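Take a look at the letters that make up each chain.
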Amino acid sequence: MPFKRFDQNRPFLTLALVALAWLLIPTAVKSWGRASFFELTAPVTLAVSRVRDLQDFWALRLRSKTELIEAGRDLARLNSSYELAVQQNLELQAEIARLEGVLRLPSYTEYRYEHARVARRDFSGWWQRIVIRKGRNFGIPVGAPVVFTGGVVGRVTEVHATTSIVELITSQTVKVAGVVEGDTRPLSFQGGVNPTFAPPTGIVEFVPLDIIVGPNSPKRLVTSGFGGVFPPGLTLGTIVRVEPGSDGLFKSGTVRLDERLGSLTEVTVLVPVGQP
Amino acid sequence: MGPRASSAGERSDSLVESHKGYDPRIILFYFLLAALLAVLAGGLAYRQLANVGKYADAERQQNQRRVLFPGPRGNIYDRNGQLLVGNNHRFAVLLHLDELKTELIAEQSRIRRNFVAAVDKKDVPGSSQLRQIARVTLVQRYLDQVNQILGRDEKVNAAELGRHFDRQLLLPYTLVDDLSGGDFARLIESLPVRSPLEVYASNIRQYPFNGAAAHTLGYVRPDSEVEADGFPGEDLTTFKMKGTSGRDGLEKMFDAQLQGEAGGRIYRVDPTGFKINPPLESRSPKQGKHLVTSLDIDLQLVAEQAIGDQIGAAIAIDVPTGEVLVLASMPNYNLNDWYPRMLPETYRKIQERGAEFNYAVNGRFPPGSTYKILTSIAGLRAGVLKPDESIIYCDSVLRRFNGRFVCYNGREHHQEILLPEAIAQSCDIYYYEAGWRTTPERLAAESRRFHLDVPTGIEVPERGKSIIPDPEWKLRERGEKWFPGDTANMSIGQGFVWVSPLQMACFTASVARNEVYTQPTLLHDPDRPRQRHEAIGLTPDQRKALLDGMEGCVTHGTAKTINAIAELRIPGVNILGKTGTAQIPGKRNVAWFIAFAPRENPQIAMAVALEGDTPGEEYGGGRNAAPIAAAVMKRFFEKRANPGRTIIAPVRSE
C-alpha cells in the first residue's frame, strides 16, 4: 500500500524536485540554459520560416504570365521612383554635410542597414515581438532600432547566433521619444494594450497643450532623434485623439499604428556605425 | 464467606467508579463552566460586534496610508486673454523607493556577507547601519543608470535620502531635477519601462513676460500644506507632495481660487511601510480656476519701458469701470528668478535695487502740484474761488504772515491770473491764497471726500498709510500748532500730505467722471457697469474752468512737452493733465503727472510718479513724468482705433 501511494504522488514529488532545483540553480546557469534552448530551437524556427518562403515561392510560380508582367511593370515603376528618391536623398545628404561644415554641427549618427526576413511573429497580451533571421552573425547589437517602409517597427531586445528578437512598438514595454511632425518638443510614446487581432494602438504622453488634434486633423508622430536610439523623422504612427491631463501641463492621447506591423515579412535593422 | 471476606468485597467494589444519573456536586461546575463560557462569548461579542468599528479603524490606520498631491494652479491672463502667469513643466527623474523592498533586503544581505568575509564578525555594522548603507548603495546604483544615460556624475545625498526613507517612504525620491528636453528624450528611450525610475514632469510657475507687472502678479513659494477637501482618510497617516501658495500680489490675494484641487491615493501598506498596489482610493488632481485681470499687458509694457531705469510708478485706470489697465512699479525683477529657487545672490541684488517694493500701491509721496486740482475743487465748492475772478497778484514772491512764500513755478511772474491759467501754469502763489481762503479743514475734508486718506481696496497687498493733515492731526501727531505756512504747503501738495500713486490715479479717474470716488479693481469683467458715486458738486462753469486749466496744462502749460514732441502727440485726442514736482527736504524730488483723456466721455486716467536720482535734483513732472503717461495713452488710443486683437510676444528668457 505505501508503494502504491508513492506512485500516485510521484508526479507531484517530481514537480517539487524540479521547482527546488530551479530555485537552487545559479542565475548564470539558468541564463545559459535559456540561451542554449533558444539556440537549439532556432534551426527549427529558421527551417519553418524558409519552408514558408518556399511555399510562397511555389505559390507565386502558379501565377499567370500576365500577372507577372504586370507585377514586373509595377515594380519597375516603383524602382524608378525609388531611384529618384535615392538621388534626392544624396543631394540632401550633401546639403546636410555642407551645412554641418558651415555651422560646425555634430553629425547625425550614421547607420548601417541590415535587411532581415521575419521568421516568426509572437503576438499576445504579454508581448508583441518578432523573430528575425539575422543575429550576431550580421553584427546586430541589442537595442538597435528596427524599421520598415511604414516607419518604426521596434527595437532589438535579444540577439542570438543567427536570430534576433525584436520588441514591436505595439508592446507596452517599448518607449520612444517622439515629436509631432513639424514640432521640436519631445514627448513620450509607449505601446498600448494590444489584443491579438485588434488594430494596434499606442499611447502618447507629455503632449504640449498647444498641440491640437481632432478627428479631422490627426497629427503624424515621428521619432525625435533626441533619444539617441532612433534617428529623427521616422514615422511612429498617427495621433488621433488627445485630452488634457490632470496636471494641467500636458495632454495625453492615443496613437494609431500601422496595421502592417501585424504582418511584417521584411524589416531593416539600423546598426549604428562603429558598433560591432 | 465470613465477615472479613464480605468487607473486602465491598472495598473492592468501592474502587470501581460508577456514574449514576446526575451527581449534584458536578452541577455546580456545569454552571461555573457555562458562566465562564458566557463571559468568553460576551467578551468576544463585545469585541467583534460592539467594538467592530473601533478595531476596523485601528486596523485601517495601521495598514493604510494616504498620499496627497497638489493640483496645478490656475492661470492668470490679461484683459485680452494674453497669458501672464501659467504653469510650466520641469522634468525630473524620480525613484519610487517603495518598490525597492526586495532589492533592499537582498542588498542588505549582500553587504552583510561582504563585511563578514572581509572583517572580524564583531566589526560588522548593526542592522540600522547596514540598512542605511544598503539604501545609499542601491539608490546610487539607480542614479548611476541615469548618470550613464545623461553623462552626469550625480551623487546621492545620504542624509537627505535617510530622512526621505524614514518620513516619506510612499513619496518618490527626486534623483535628478531640472532636465532639458534632450535629457528627457534620452531617458524615455533608455530607461526600462518596468523600472522604479520614472521620468516625471513637475509643475512650476511661469511668467512669459518675466518682470512685467511683477509686483501685481506676485509669486508663489513651496508649501507642504496640501489639503484635499472631500477626499477620505483624514485620520490616516498622510504624506503630502509639496504644493505652492501665493506670497505676494494676485498670487497671494487669490490663492484660494488659483489653488488646484488636490488629488490623492490611499494605499494599503505592509508592516514595514511599503505600499501594496493597487490603491484603495484614488482621485486625480484638478487645475485651479483661471484669473482674468484688468491689466493690458501691452500698455503695461509700454509704461515699464517708458519708465526704464527710473524709480517710480505708472497707473492707468479705465475711467468708466475703475478697472486698472496698468499698474507699473519700477524697478521690477524677473519673477522667473523665483523658480525653481531664488539664488541668494540674485535676491541680494533685488534688495539692493529696492525692486521688491511696490511703488505704485505702497509708495507714499507728497503729491506736489497735482494736489492743486483738489485745492481748486475745495475752493470752488467753498465759494472762495471763482473761475472769472483773480484772487491775487503773482509777483513770484508773496510776503504774508511774516513769511516769504515763493512761486516755484514762477520764473516768469504770473501777475493777475485766473483759475484755469493758475492750473495750467501751476501758480503756487495763487494756490497759497486759495488754500488760506479755503482753510486746511476744508482741504482735508475734500481730500477725505475723495478717499485720499484710506486704502484704495485694490486686490493686491496694500501697505503704508496715507496722510491728509489738518490742525487737529498736527496737534495729535506732532504736538504742534498749525501755521499758515502749513496751509500754504498743503494747498500745493507739499508738507504733510502723503499719498500713493494709485490713490492719485483713482482721484484722477474720479475727477474725469465728475465724481468723488473710484473703486479700482484688478479683475476684468467685460460686462462691468460704469461706476456711479457721489458727484463732485461743481457747477458747469466751475467744472469747465477746472477742465480748461487741465487742458491748458498740456497745450501750453507745464506739460506742454508732450504736445510739443511729435511722437507723443495723439491726433484727435485732448489730454487733460496736471504736473507736480514734490520737493522732499533732504530727499529726492518726486515728479508727478496726473491726466485723463479725452475731455468728453473720458476713457483713461493716469498717474505717474517718479523719484529723482539724487537729492535736490531738478526733476519735473512735465519733463519726466508726463511723457510716460503720454506714451501709454497714445498706445491706448491706437488700440481703440484698431480694435483687432493684438498678440504680444512673450519675453524669452535667456
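1. Concerning the overall build of chain B
Regarding its fold elements, chain B presents 23 helices and 20 strands. Computed over its C-alpha atoms, the radius of gyration of chain B comes to 40 Å, more than 25% above the 26 Å expected for a compact globule of 654 residues. Out of the 654 residues in chain B, the part that is buried amounts to 44%. Sequence-distant contacts, at least 24 apart, represent 74% of the contacts inside chain B between residues at least 6 apart.

2. Some thoughts on the overall build of chain A
In terms of helices and strands, chain A carries three helices and 12 strands. Against the globule reference of 19 Å for 276 residues, chain A gives a C-alpha radius of gyration of 24 Å, more extended than a compact globule. Across the 276 residues that make up chain A, the buried fraction comes to 30%. Within chain A, contacts between residues separated by at least 24 positions form 58% of all contacts whose residues are at least 6 apart in sequence.

3. Notes on the environment of Thr-438 of chain B
Residues and elements named next belong to chain B. With respect to the helices and strands, Thr-438 occurs in helix 16 (residues 428-438). C-alpha of Thr-438 to C-alpha of Gln-583: the two residues are 145 residues apart in sequence and 23 Å apart in space. Ignoring anything within four residues of it in the chain, the contact list for Thr-438 reads Thr-375, Ala-378, Gly-379, Ala-382, Val-384 and Leu-443.

4. Remarks on the domain arrangement of chain B
Residues and elements named next belong to chain B. When the domains of chain B are assigned, the result is domain 1 (66-292) and domain 2 (297-641). For domain 1 and domain 2, the distance between their C-alpha centres works out to 51 Å. Listed per partner, the contact involves 26 residues of domain 1 and 21 residues of domain 2.

5. Considerations on the pairing of strand 8 (residues 201-208) of chain A
All names here are of chain A. By the bridge criterion, four bridges tie strand 7 (residues 187-191) to strand 8 in an arrangement that is antiparallel. What sits directly across from Phe-189, in strand 8, is Val-204. In terms of strand pairing, strand 8 meets strand 11 (residues 250-256) through six bridges, oriented antiparallel. Of the residues in strand 11, the one forming a bridge with Pro-208 is Phe-250.

6. Description of the sheet that holds strand 2 (residues 128-132) of chain A
All names here are of chain A. Pairing in this closed barrel of six strands is antiparallel, and the strands run 1-2-5-4-3-12 around the ring. Geometrically, the sheet is characterised by an average inter-axis angle of 45° between neighbouring strands, direction not taken into account. Where helix 2 (residues 27-61) meets the sheet, it contacts strand 1 (111-123) and strand 2, and its direction lies at approximately 95° from that of strand 1.

7. A short note on unusual backbone geometry
Residue and element names in this part refer to chain B. With an omega of 5°, the peptide bond running from Met-330 to Pro-331 counts as cis. Within the secondary structure, Pro-331 sits in the loop between strand 13 (324-330) and helix 12 (344-353). The omega torsion of the bond from Ala-597 to Pro-598 falls at -15°, within 30 degrees of zero and hence cis. Mapping Pro-598 onto the fold places it in the loop between strand 19 (588-597) and strand 20 (604-615). A positive phi angle, close to 55°, is found at Ala-213, a residue other than glycine. Along the chain, Ala-213 turns up in the loop between strand 5 (197-206) and helix 8 (214-217).

8. Some remarks on the sheet that holds strand 9 (residues 219-223) of chain A
Strand order in this closed barrel of six strands is 6-7-8-11-10-9 (chain A), and the pairing throughout is antiparallel. On average, each strand axis in the sheet is tilted by 40° relative to the strand beside it, whichever way the strands run. Of the pairings in the sheet, the one linking strand 10 (residues 235-244) of chain A to strand 11 of chain A comprises six bridges and is antiparallel in character. In the sheet register, Pro-244 of chain A faces strand 11 of chain A, and the bridge partner there is Lys-251 of chain A. Across the face of the sheet, helix 7 (residues 181-190) of chain B comes into contact with strand 6 (175-180) and strand 7 of chain A while running at roughly 140° to strand 6 of chain A.

9. A few points about the interface of chain A and chain B
Taken together, the 19 residues of chain A in the interface contact 18 residues of chain B. Per-element tally for the side of chain A that touches chain B: the top contributor is strand 6 of chain A, with three residues. A class-by-class count of the residues in the side of chain A that touches chain B yields eight nonpolar, eight polar and three charged.

10. Points about the confidence of the model for chain B
Residue and element names in this part refer to chain B. Confidence along chain B averages 87 in pLDDT terms, with 92% of residues attaining 70 or more. Ranking the elements of chain B by mean pLDDT puts helix 1 (residues 3-14) last, at 49, and helix 20 (residues 501-513) first, at 97. Confidence drops under a pLDDT of 50 for residues 1-6, and excluding neighbours within four residues, the segment shows one contact in the predicted structure. This complex was scored by the predictor with a pTM of 0.73 and an ipTM of 0.78.

11. Remarks on the nonpolar core
Counting 123 residues, the largest nonpolar core has Ala-314, Ile-315, Val-326, Met-606, Val-608, Ala-629 and Val-632 of chain B as its most contacted members. No fewer than three residues from each of domain 1 (66-292) and domain 2 (297-641) of chain B sit in this core. Setting aside its immediate chain neighbours within four residues, Ala-629 of chain B contacts Ala-314, Phe-593, Ala-595, Met-606 and Val-608 of chain B. Within the second largest apolar cluster, 74 residues are counted, among which are Phe-230 and Val-269 of chain A together with Val-139 and Leu-187 of chain B.

12. Remarks on the environment of His-451 of chain B
With respect to the secondary-structure elements, His-451 of chain B resides in the loop between helix 17 (440-449) and helix 18 (471-478). Counting along the chain gives 68 residues from His-451 of chain B to Gln-519 of chain B, while the straight-line C-alpha distance between them is 9.7 Å.

13. Some points on helix 3 (residues 52-63) of chain B
Spanning 12 residues, helix 3 of chain B covers 16 Å between terminal C-alpha atoms, matching the ideal 16 Å at 1.5 Å per step. In terms of residue burial, helix 3 of chain B counts as a barely covered element, since only zero of its 12 residues are buried.

14. Considering the packing of helix 11 (residues 297-307) of chain B against helix 23 (residues 621-641) of chain B
To describe two helices that pack against each other, one gives the angle between their axes and the distance between the axes. All names here are of chain B. Packing of helix 11 against helix 23 leaves a shortest axis separation of 9 Å and a crossing angle of 155°. Relative to helix 23, the element helix 11 is oriented roughly antiparallel. Taken as a pair, helix 11 and helix 23 cross one another with a handedness that is right-handed. Taking contact as the criterion, the partners of Asp-298, Leu-299, Val-302, Ala-303, Ala-306 and Ile-307 in helix 11 are, on helix 23, Pro-627, Ile-628, Ala-631, Val-632, Arg-635, Phe-636 and Lys-639. Of the residues assigned to the contact of helix 11 with helix 23, the class counts are 10 nonpolar, no polar and three charged.

15. Quick word on the environment of Ile-467 of chain B
Residues and elements named next belong to chain B. Mapped onto the elements of the fold, Ile-467 is located in the loop between helix 17 and helix 18. Taking the C-alpha atoms as reference points, Ile-467 and Pro-232, separated by 235 residues in sequence, lie 52 Å from one another. Not counting the four nearest positions on each side in its chain, Ile-467 is found in contact with Phe-496, Val-497 and Trp-498.

Each value, and the rule that gives it
- Residues numbered from 1 in each chain as written.
- Chains lettered and ligands numbered in written order.
- Predicted model: local features only at pLDDT ≥ 70, side-chain atom pairs only at ≥ 80, totals over all residues.
- Helix = DSSP H or I, 4+ residues; strand = E, 2+ residues; numbered from the N terminus.
- Rg over C-alpha atoms; globule rule 2.2 N^0.38 Å.
- Buried ≥ 20, exposed ≤ 12 C-beta atoms within 10 Å, placed from the backbone.
- Contact = placed C-beta atoms within 7 Å.
- Domains from an automatic or database assignment.
- Pairing = 2+ DSSP bridges.
- Axes fitted to C-alpha atoms, helices over the stretch in contact; angles between N-to-C directions.
- Nonpolar A, V, L, I, M, F, W, Y, C, P; charged D, E, K, R; others polar.
- pLDDT = per-residue confidence, 0-100.
- Core = buried A, V, L, I, M, F, W, Y, C linked by C-beta atoms within 7 Å.
- Expected span 1.5 Å × (residues − 1).
- Parallel < 35°, antiparallel > 145°, perpendicular 65-115°, else oblique.
- Left-handed = near helix turned anticlockwise from the far one by under 90°.

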